[in-house]
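Structural description and commentary
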Amino acid sequence: MTASRRTGWETVLLARTRPRRRPRRIVLVCDVSRSMQPYAAVYLHLMRAVSRQPGTRPEVFAFSTSLTRLTAVLAHRSAEVALERANAKVTDRYGGTFIGRSVATLLSPPHGNALRGAVAIIASDGWDADPPDVLAHAMERLRRRAELIVWLNPRAAHEGFRPLAGPMAAALPYCDLFLPAQSLTGLRQLLLALCF
């Protein structure tokens, strides 16, 4: 009774007056096909750094012809050991590319729920062996599930670049940010965009 005097004799006391701020889950997907070979190590280091930020709830994947989950592997304290283990786990690296199928696999169980309300970051040059409509359909589904979609394309930094490749052109309408992250300097734009 004494405590209720402060609330105007109401017996219910609100524990907080504004909603809790919870960090968005970050889902990082890296293309490790042959065309991305010069950039794959940089992107995997970026994904390891982002996944080790306090307060983030990351999920990290790599794909070439199939999708591989790397979250636990990249959590290692040593960057060199983490990269070695990631390279050992991704058995199809530096092969062909199936972006559309890999994004569709990401949307399926057991990984699909990780994308609900998440920031999805796809690092790829957009060259795909799948027809463009496969990627467009997968990106449309991803758009409905994710809060923000960021596409990192290392080739976008080249002068005169235009996303004319069929799959890249098909995916672009579903992206919130399209960044030319071909180096660590370029990746700084991503970190600024995500406010890390």
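Up top is the structure these notes are about.
To start, this report covers the structure provided alongside it. (Residues numbered from 1 in each chain as written. Predicted model: local features only at pLDDT ≥ 70, side-chain atom pairs only at ≥ 80, totals over all residues. Heavy atoms only, no water.)

**A few points about the side chain of Arg 48**
- Summarising the element assignment, Arg 48 is placed in helix α1 (residues 37-51).
- For the buried Arg 48, which has no salt bridge, the nearest side chain bearing the opposite charge is Glu 80, at an N-O separation of 7.4 Å.
- A distance of 2.6 Å separates the side chain of Arg 48 from the backbone oxygen of Arg 77, its partner in a polar contact.
- What Arg 48 contacts, discounting residues up to four positions off in sequence, is Leu 74, His 76, Arg 77, Ser 78, Ala 79 and Ala 82. (Helix = DSSP H or I, 4+ residues; strand = E, 2+ residues; numbered from the N terminus. Buried < 20%, exposed > 50% of the residue type's maximum accessible area, 1.4 Å probe, protein only. Lys, Arg positive; Asp, Glu negative; His and termini not counted. Salt bridge = Lys/Arg side-chain N within 4 Å of Asp/Glu carboxyl O. Polar contact = N/O pair within 3.5 Å; in protein donor to acceptor, adjacent residues only side chain to side chain. Contact = heavy atoms within 4.5 Å.)

**Here's the deal with the sheet that holds strand β1 (residues 25-31)**
- Taken together, 6 strands build an open sheet; the order of strands is β3-β2-β1-β4-β5-β6 and the sheet is mixed. Each having just a single partner strand, β3 (67-69) and β6 (177-179) make up the two edges of the open sheet. The average undirected angle you get between the axes of adjacent strands in this sheet is 20°.
- Note: β1 against strand β4 (residues 119-123), 5 bridges, orientation parallel. Directly across from Leu 28, in β4, lies its bridge partner Ile 121. (Pairing = 2+ DSSP bridges. Axes fitted to C-alpha atoms, helices over the stretch in contact; angles between N-to-C directions.)

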